[in-house]
Every structure is written in C-alpha cells, then in structure tokens.
Amino acid sequence: QAFQDYQNDAYLEEIDMETVESHTTVEIDKTSGKPVRTQMVYVDEHACIGCTNCAMIAQSTFFMEGDAGRARVFQQWGDDDETIQVAIETCPVDCIHYVPFDELKRLEEDRREQNINFKARLVNSNASGATRGNGYTEPQEISGNMGIRCNNCPSRGCKNCPMFGVGESPYFKKKEAERKARMERNRLKREREAQSKRAEL
C-alpha cells in the first residue's frame, strides 16, 4: 500500500491536470488489449456547479479545472471504489456518471473545443447558455443522462441500473452472489437432511 501511494504521488507530480485526458492513462490489459475496468467516471461539466465536493473527497481522481471552474476527472479510479462512490452520491446536482471506455474517449476528445457559459448555470440550472453564434457549446450527450437515476444511484443494486450495463452493477453482482450462495447452502442442507432420513430407514 505504501508503495502504491508513492507511485500515485509521483504520478500526480508529473502530469499536467489541466491538459491530461484520463482515457490516455487508463490501464490496459496486455492480453485482451482492453481496459482492465469496464466502467469509467466522467463529469458533465455543463451541469456541474463547481461546488468542489468531489475534488475534496476523491482528490486522486477529480480536480477543479481552471477555465470554467468545473470538476473534471484527471485519473480514472485514482481513489478506491468506495471513496469515488461517496463523491458521486454526494454530488448535489448528480453530474458525475459512469460511462464505458469508448464513450469516455469520445467525450474527452469532444471536450477539447468546449466553451461553457459559467454565468448561465448560476441563472438557470437547465440552461447551458449556448445559442447560435454566441460561441458557447451545447451540453454533451452522456449515456448516464439518458436514464432515470435513483436518489442514491447505483447503490440500490438495481439489475437495470442505467449507470451500468444490464446486470453489471457491482452492487447487483454482490447481491446476486449472496443470493446464489444462500441457494447453495439451502441445497446442501436439504441434501444432508435427505441423506439423514435415508440412513434412519
């Protein structure tokens, strides 16, 4: 753990958080050529109000970018899962989403030309401030925005949670594993009871 902390500290000293795109530093499995993790974290900067909550909680994952004062991910899963989940669940405007790697790459590349009207957010929580010819960009299309999110999503463990693929929520998987373990214990118990009855006969 101490060595891991040392590596993280050294990494943070080397990168330029204002320019780094987190998809470029994602760990890739050498055998499959795919990311080690299937879900990435992304901030909808148009919806973000710049409260600094996530950057204070998960400091090795989020930071506040300087141009518009919005939260941004500079390192995927820089903090442990629980810390990141707390940052997501306590976001006052639910602007942090889980997205697959390909979508993360697209969103971060599209974000390069992003120009947010930060004053519009203070006036109307549903307004981006973007109109034709004024130079501001429209909000990005993020898959995490397309489904209804629970108040404490995704920790209820819904199978069809819109923040994950169907059945891919880690909370659902944990509940499902516990359910299967109970079923197996009950099956073994019934078998032992049946064997005991046969022995008595």
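Please read these numbers as outputs of a predicted model, since none were measured by experiment.

Quick word on the packing of aromatic side chains
Next, step 1: Considering all chains together, one arrives at two aromatic pairs under this definition.
Next, step 2: Note on Phe-63 and Phe-74: the rings are 5.9 Å apart at their centroids and 75° apart in plane angle, and the pair reads as edge-to-face. Of this pair, Phe-63 sits in strand S2 (residues 62-64) while Phe-74 sits in the loop between strand S3 (71-73) and helix H3 (81-89), placing them eleven residues apart in sequence.
Next, step 3: Overall, Phe-63 belongs to the buried group, its relative accessible area being 7%.

Considering H3
Next, step 1: All of the buried residues along H3 are Ile-84, Gln-85, Ala-87 and Ile-88. Looking down the long axis of H3, one finds its buried residues gathered within 160° of arc, a one-sided arrangement.
Next, step 2: Along its buried surface, H3 packs onto strand S1 (39-43), helix H2 (53-57), S2, strand S4 (96-100) and helix H6 (170-200).
Next, step 3: One side-chain oxygen of the residue at the start of H3 lies 3.1 Å from the amide nitrogen of Glu-82, identifying that residue as Asp-80.

Observations concerning the environment of Arg-70
Next, step 1: Relative to the helices and strands, Arg-70 resides in the loop between S2 and S3.
Next, step 2: The class for Arg-70 is buried, based on a relative accessible area of 4%.
Next, step 3: Taking the C-alpha atoms as reference points, Arg-70 and His-46, separated by 24 residues in sequence, lie 8.2 Å from one another.
Next, step 4: A polar contact of 3.2 Å, which involves the side chain of Arg-70, links it to the backbone oxygen of Ala-68.

Focus: the confidence of the model for the protein
Next, step 1: Per-residue confidence for the protein averages 78 on the pLDDT scale, and 72% of its residues sit at or above 70.
Next, step 2: Below a pLDDT of 50 lies the segment residues 1-7, which in the model reaches zero contacts outside its immediate sequence neighbourhood of four places, other chains included.
Next, step 3: Throughout residues 123-127 the model reports pLDDT below 50, and contacts reaching past four residues in sequence, or to other chains, amount to three contacts.

Examining the pattern of salt bridges
Next, step 1: If you walk through the whole model with that rule in mind, you get ten salt bridges.
Next, step 2: Measuring nitrogen to oxygen at the nearest pair gives 3.0 Å for the salt bridge that ties Arg-37 to Asp-81. You can see Arg-37 sitting in the loop between helix H1 (2-14) and S1 and its partner Asp-81 sitting in helix H3, a full 44 residues away along the chain.
Next, step 3: The residue Glu-45 makes a salt bridge to Arg-72 at a minimum N-O spacing of 2.7 Å. With a gap of 27 residues between them, Glu-45 in the loop between S1 and H2 and Arg-72 in strand S3 connect regions that are remote in the sequence. In terms of burial, Glu-45 and Arg-72 fall into one category: buried.
Next, step 4: Several salt bridges converge on common partners, so that one network encompasses Glu-45, Arg-72, Glu-108 and Arg-111.

Structural notes on unusual backbone geometry
Next, step 1: The phi angle at Thr-52 is positive, at roughly 75°, despite the residue not being glycine.
Next, step 2: Tracing the sequence through the fold places Thr-52 in the loop between S1 and H2.
Next, step 3: What makes Thr-52 partly exposed here is its relative accessible area of 32%.
Next, step 4: Within the chain, Asp-94 stands out as a residue other than glycine whose phi angle is a positive 50°.
Next, step 5: Mapped onto the elements, Asp-94 comes out in the loop between H3 and S4.

Side note on the state of the cysteines
Next, step 1: Under the counting rule described, the total for this entry stands at zero disulfides.
Next, step 2: The thiol of Cys-54 is not disulfide-bonded; the next cysteine sulfur, from Cys-48, is found 6.4 Å away.
Next, step 3: No disulfide involves Cys-91; its sulfur sits 3.7 Å from the nearest other cysteine sulfur, which is in Cys-95.
Next, step 4: With a relative accessible area of 10%, Cys-91 lands in the buried category.

Remarks on the pairing of S4
Next, step 1: In terms of residue burial, S4 counts as a mostly covered element, since four of its five residues are buried.
Next, step 2: Two strands pair when backbone bridges link them, and S1 and S4 are joined in this way by five bridges, in the antiparallel orientation. Residue pairing for S4: Met-40 is matched across the bridge by Val-99.

Conventions adopted
Residues numbered from 1 in each chain as written. Predicted model: local features only at pLDDT ≥ 70, side-chain atom pairs only at ≥ 80, totals over all residues. Heavy atoms only, no water. Phe/Tyr/Trp six-rings, centres within 6.5 Å; stacked < 30°, edge-to-face > 60°. Helix = DSSP H or I, 4+ residues; strand = E, 2+ residues; numbered from the N terminus. Buried < 20%, exposed > 50% of the residue type's maximum accessible area, 1.4 Å probe, protein only. Arc of directions from axis to C-beta. Contact = heavy atoms within 4.5 Å. Polar contact = N/O pair within 3.5 Å; in protein donor to acceptor, adjacent residues only side chain to side chain. pLDDT = per-residue confidence, 0-100. Salt bridge = Lys/Arg side-chain N within 4 Å of Asp/Glu carboxyl O. Disulfide = S-S within 2.5 Å. Pairing = 2+ DSSP bridges.

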